[in-house]
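# Descriptive analysis of the structure
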Amino acid sequence: MTTKIEGGLPAKPVEAATVNDSGPVRAGGARGAAVAATPPVDSLRLTGQAVGLKAMARDLASPGKPDMARIEEIRNAIDSGTYEINPQEIASRLLALERELLG
């Protein structure tokens, strides 16, 4: 199917109108002005496990002062043969540590 366009071309070419900045301000402001970028906002949220690991790392980085009197007492007990090993206490503490590590 064809359509016939009637009418002639304009007598002289139509020129585009120049842009006038003094006109009404449209959304976005003037086109020639620089656009100010908003600074990026960084955020960080740690999980409970990460907070726990940070606390553990801080504790391990600064160990407390050893109790020299207690160390000397244990040394003397070992040397004299009076130091008693309690396997039940060792086992319960190992299990408590295991539970703590596995959360």
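Residues numbered from 1 in each chain as written. Predicted model: local features only at pLDDT ≥ 70, side-chain atom pairs only at ≥ 80, totals over all residues. Heavy atoms only, no water.

A separate point is the overall build of the chain. Counting secondary structure elements, the chain contains three helices and zero strands. Overall, the chain shows an N-to-C arrangement of helices and strands of α-α-α. Put simply, the chain has 103 residues, and 1% of those count as buried. Taken as a whole, the chain presents about 10900 Å² of accessible surface, with 59% of it coming from carbon and sulfur. (Helix = DSSP H or I, 4+ residues; strand = E, 2+ residues; numbered from the N terminus. Buried < 20%, exposed > 50% of the residue type's maximum accessible area, 1.4 Å probe, protein only. Areas by Shrake-Rupley, 256 points an atom, 1.4 Å probe, with all protein chains shown as cover.)

Let us look at the environment of Y83. Looking at the secondary structure, you find Y83 in the loop between α2 (68-80) and α3 (87-102). In sequence terms Y83 and E73 are ten residues apart; their C-alpha atoms lie 9.6 Å from each other. Ignoring any residue separated from it by four or fewer positions in sequence, one finds Y83 in contact with I74, A77 and I78. (Contact = heavy atoms within 4.5 Å.)

Taken as a whole and assessed by the stated rule, the structure comprises three salt bridges. Between E73 and R70 there is a salt bridge whose closest N-O contact spans 3.3 Å. You can see E73 and its partner R70 sitting in helix α2, three residues apart, about one turn around the helix. On the basis of relative accessibility, which here comes to 48%, the residue E73 falls in the partly exposed class. Here R70 falls in the partly exposed class, since its relative accessible area comes to 43%. The closest approach of N and O atoms between R93 and E89, which form a salt bridge, is 2.7 Å. Taken together, the residues R93 and E89, both in helix α3 and four residues apart, mark about one turn of the helix. The exposure class of R93 is exposed, given its relative accessible area of 58%. (Salt bridge = Lys/Arg side-chain N within 4 Å of Asp/Glu carboxyl O.)

Time to look at α2. Between the first and last C-alpha of α2 there are 18 Å, a value that for 13 residues agrees with the 18 Å anticipated at 1.5 Å per step. The first or second residue beyond α2 is G81, which carries a positive phi of 80°. (Expected span 1.5 Å × (residues − 1).)

Right, let's get into helix α1 (residues 48-61). With 14 residues, α1 extends 20 Å between its outermost C-alpha atoms, agreeing within 8% with the 20 Å of an ideal straight helix rising 1.5 Å per residue. Within α1, only zero of the 14 residues are buried, which leaves the element largely exposed.

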